[in-house]
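# Structural overview for review
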Amino acid sequence: MIVAKNITKQFGKLKALDNVSVTFSEGECIALLGPNGCGKTTLIKSLLGMVVPDSGSIEFDKESISNKWKYRSRIGYMPQIGRYPENMTITQVIDMMKDIRKENNGSPDEDLVRSFGLNNILQKKMSTLSGGTTQKVSAALAFMFNPSVLVLDEPTAGLDPLSSEKLKQKIISEKQNGKLILITSHILSELDDLITEVFYMQEGRLLFHKKLAALKEETGEMKLSKAISKIMNEVTV
Amino acid sequence: MKKLLKYVIADIIQNKIVLLYTALLLIISLSVFNLENSSAKGLLSLLNIILILVPLICIIFSTIYMYNSAEFIELLVSQPLKRRTIWLSLFTGLAVSLSVAYFIGVGIPILLYHADATGIIMIITGLFLTVVFVSIALLSAGLTRDKAKGIGLSISFWLYFSLIFDALILFLLFQFQDYPLEKIMVILSFLNPIGLSRVQILLQMDISALMGYTGAIFREFFGNSTGIILSFIGLCVWAIIPLMISLKKFKHKDL
């Protein structure tokens, strides 16, 4: 569904992405892993067209995304740090997004708005919200328009355990609907029952892209966190 | 585009600066017209205030607004919208709300006190100046990511067009006074939107004593009506080109 070929992106002297090629296919739930600053967010932003790669091509459903915008109506994106216009209220933000994306399939999915309890604080301004509540708004917006691809950048960072569990359940149910889900996270333990593939990056390069089962078999570990730390040790030694 | 424009304009109106700007212009115009005993004199005093104040406020407000909308832009770019639509909506929102402010603050008093051809040309020129300086503001906001640098750049643009440019012209004139400079001066006068507006209104008013060097040459060269049309075309170019450069920059910007 998403095919990236040899994408390279440089920010000044830093090579954020170095010749990364990758294929993400439908129905998979892929974890993008790697140390801080390895280029995960840059990769995600390149897929969304927020960052324009210096070279290489990205295709969404066999069509190049450069200078295209329509394909984004099929992506739900939850940023790492959601930034919203400060003097808008939650309802205004949600209504604006509905207005922008209304041609989309079906009625908006407001499950998360309800289960996160956002409908009790709809009149609050975005600038007064805590980090966690802002994350909840981002999550609710990402899932709202029934997208076929979900891109979640550190979705549970800053969420309380209860909300993060609700979000996890939502991710699992969307996965069962056959959607492509990309997640970055540093909390490996919570990824165990979500993901099907692991995509590991280091210093802007792709280190490996494997099925979870294959990874577990290779390392002989049952837990993702242990398997990854085993590999990280091998790489650094 | 329409959808976005609605949110941009709502946001600008919530920001009370535009309302203050309208009130300020209204107070200035009304007091100028009431202080001078002839409305033609009033119009002339108003012209000088407008040529300084309108560009300054338009450019600085628009630059700051663009930087403060960084979050909004970031949110929109990840949505199914063309970058072109986002940028042009912001531009149109700013241009429309500042033009409305100008029309209420200056246009209506002019229509009340001095509603002849000169007055109407002055209203139109002011609207053009507003759009031109919003466009230049978008350019400086597009050139740098740093807010302080962007605002600094905007202030430099304003200083350049309202003071430094004229000084440079005078300097050139004195240095090369032995040479025929008329043609060059006409070309140079197109390089400054504020100067162009001044020439335009003075051509209409037909006050050669106040026209300055470029103005006098302008009239000699084109005659009054051709001069006015040409200077309008010049102002249009000034509104479009900075906008197009900033749009091109924005299309490749990393957010």
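Computed from a predicted structure; not experimentally measured.

Criteria and cut-off values
- Residues numbered from 1 in each chain as written.
- Chains lettered and ligands numbered in written order.
- Predicted model: local features only at pLDDT ≥ 70, side-chain atom pairs only at ≥ 80, totals over all residues.
- Heavy atoms only, no water.
- Axes fitted to C-alpha atoms, helices over the stretch in contact; angles between N-to-C directions.
- Helix = DSSP H or I, 4+ residues; strand = E, 2+ residues; numbered from the N terminus.
- Parallel < 35°, antiparallel > 145°, perpendicular 65-115°, else oblique.
- Contact = heavy atoms within 4.5 Å.
- Nonpolar A, V, L, I, M, F, W, Y, C, P; charged D, E, K, R; others polar.
- pLDDT = per-residue confidence, 0-100.
- Buried < 20%, exposed > 50% of the residue type's maximum accessible area, 1.4 Å probe, protein only.
- Patch = residues over 30% accessible without salt bridge, like charges linked within 9 Å, V, L, I, M, F, W, Y side chains within 5 Å.
- Areas by Shrake-Rupley, 256 points an atom, 1.4 Å probe, with all protein chains shown as cover.
- Salt bridge = Lys/Arg side-chain N within 4 Å of Asp/Glu carboxyl O.
- Lys, Arg positive; Asp, Glu negative; His and termini not counted.
- Charge placed at Lys NZ, Arg CZ, Asp CG, Glu CD.
- Pairing = 2+ DSSP bridges.
- Buried area = accessible area lost by both parts, 1.4 Å probe.
- Polar contact = N/O pair within 3.5 Å; in protein donor to acceptor, adjacent residues only side chain to side chain.

Moving on, we come to the packing of helix α2 (residues 90–100) of chain A against helix α1 (residues 2–14) of chain B. In the contact formed by α2 of chain A and α1 of chain B, the axes pass within 9 Å of each other and the chain directions differ by 155 degrees. In this view, α2 of chain A runs roughly antiparallel relative to α1 of chain B, as classed from their interaxial angle. Residues Gln92, Asp95, Met96, Asp99 and Ile100 of chain A of α2 of chain A lie in contact with α1 of chain B, whose contacting residues are Lys3, Leu4, Lys6, Tyr7 and Gln14 of chain B. Classifying every residue of the contact of α2 of chain A with α1 of chain B by side-chain character gives four nonpolar, two polar and four charged.

All names here are of chain B. In the predicted model, chain B carries a mean pLDDT of 89, and 96% of its residues have values of at least 70. Ranking the elements of chain B by mean pLDDT puts helix α8 (residues 182–189) last, at 80, and helix α5 (residues 83–113) first, at 94. This prediction of the complex comes with two scores: 0.89 for pTM and 0.86 for ipTM.

Below, the discussion takes up helix α1 (residues 40–47) of chain A. Helical periodicity: at 3.6 residues per turn, an α-helix aligns residues three or four positions apart in one direction. In terms of burial, α1 of chain A is a largely internal element, seven of the eight residues being buried. Along α1 of chain A, the residues classified as buried are Lys40, Thr42, Leu43, Ile44, Lys45, Ser46 and Leu47 of chain A.

Moving on, we get to a positive patch on the surface. A contiguous patch of positive charge, built from Lys70 of chain A together with Lys82, Arg84 and Lys251 of chain B, is present on the exposed surface. Here Lys70 of chain A is to be found in the loop between β5 (63–64) and β6 (75–78). According to the relative accessible area criterion, Lys70 of chain A is exposed, its value standing at 59%.

This brings us to the sheet that holds strand β8 (residues 180–184) of chain A. Sheets are built from strands paired through backbone hydrogen bonds, the pairs being either parallel or antiparallel. Residue and element names in this part refer to chain A. Here six strands make up an open sheet; going across it, the order is β6-β7-β8-β3-β9-β10 and the pairing mixed. Only two strands of the sheet have a single neighbouring strand rather than two, namely β6 and β10 (205–211). Between one strand axis and the next, the sheet turns through 15 degrees on average, direction left out of account. Sheet strands in contact with α1 are β3 (29–33), β6, β7 (149–153), β8 and β9 (197–202), and its direction is about 135 degrees off that of β3. Its contacts with the sheet put helix α4 (residues 131–144) on β6 and β7, and the angle it makes with β6 is roughly 175 degrees.

This part covers the interface of chain A and chain B. Facing 27 residues of chain A, the contacting portion of chain B comprises 24 residues. Around 2400 Å² of area is buried between chain A and chain B when both sides are counted, 56% of it from carbon and sulfur atoms. It is Met50, Arg83 and Ile100 of chain A in chain A that bury the most area against chain B; as a group they hold 27% of the surface buried on that side. At the surface where chain A touches chain B, the tally comes to four salt bridges. In this structure, Asp254 of chain B and Lys9 of chain A form a salt bridge, with 2.7 Å as the shortest nitrogen-oxygen distance. Counting the contacts that link chain A with chain B gives 14 residue pairs in polar contact (both at pLDDT 80 or more). The set of elements that each furnish at least two residues to the side of chain A that touches chain B consists of β1 (2–11) and α2 of chain A. Looking at which element gives the most residues to the side of chain A that touches chain B, the answer is α2 of chain A, with six residues.

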